[in-house]
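For reference, the chains in residue letters:
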Amino acid sequence: MEQPTPIRVPTNFEREFPGASRSGAEVAANLIRTADALLAEINRRRRSIADLSPSAFEALAVLEGAGEPLAAHAIAEHLLVSSASTTSLLDTLARRGRVERTAPPGDRRKTLIHLTDEARDIVDRMLPAVHAAATDAVAELSEQEREQLIQSLTCIRRRVAYLVEQEPSEPKARHKRSPRSKGR
């Protein structure tokens, strides 16, 4: 297997994209590639236990972590998705025998979702596999390096959240790409 190397952009990157940062582009490319690789490894390990989509596993994990049946809207809030998406996901999980819907005593208007024994068993087998993938991925980093990485990633997420709040989402007009040289 070929060992990954840092992703780099051409040395003329900032000339070609005035206002852009060469190191910023490299950080973003390496971060995205790393996240994709880690998610692929987690999914590979999960699929060896049960054929569940990442969102299906997350929904089951939310239910298992709650320790009690939850309303669909509570699951949607934990997953950060719409109620309609959650309803569709829960319908699929119910058809597959992973969750059941019940009405709490005394309030038949409300529906609660709970795990089946089979789903609980799947989650109990999958969570250690997911945690092992994360542990294995950072095994070569010291505790200090891990903490620094956490702080750096948090800083990036904070900045991205700030940028999302700023409108519009289109690039600033002052950053015009210079023409590419001929022969490329």
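Everything here concerns the structure above.
Residues numbered from 1 in each chain as written. Predicted model: local features only at pLDDT ≥ 70, side-chain atom pairs only at ≥ 80, totals over all residues. Heavy atoms only, no water.

(A) Geometry of the pattern of salt bridges. This structure, assessed with the given rule, holds 10 salt bridges. Of the charged contacts in the structure, one is a salt bridge between R120 and D117, with a shortest N-O distance of 3.8 Å. Taken as a pair, R120 and D117 lie in helix α6 (residues 117-137) at a separation of 3 residues, close to a single helical turn. Accessibility expressed as a relative area gives 35% for R120, which makes it partly exposed. Looking at D117, the relative accessible area reads 67%, which means it is exposed. Each of E41, R44, R45 and D136 takes part in a single network of salt bridges with overlapping partners. (Salt bridge = Lys/Arg side-chain N within 4 Å of Asp/Glu carboxyl O. Helix = DSSP H or I, 4+ residues; strand = E, 2+ residues; numbered from the N terminus. Buried < 20%, exposed > 50% of the residue type's maximum accessible area, 1.4 Å probe, protein only.)

(B) View of the packing of helix α3 (residues 54-66) against α6. The geometry of α3 relative to α6 is characterised by a closest axis approach of 10 Å and an angle of 105 degrees between their N-to-C directions. The angle between α3 and α6 falls in the class roughly perpendicular. Contact residues: α3 offers F57, L60, A61 and E64, while α6 offers A119, V123, D124, M126, L127 and V130. Looking at the contact of α3 with α6 residue by residue, the classes come out as 8 nonpolar, no polar and 2 charged. (Axes fitted to C-alpha atoms, helices over the stretch in contact; angles between N-to-C directions. Parallel < 35°, antiparallel > 145°, perpendicular 65-115°, else oblique. Contact = heavy atoms within 4.5 Å. Nonpolar A, V, L, I, M, F, W, Y, C, P; charged D, E, K, R; others polar.)

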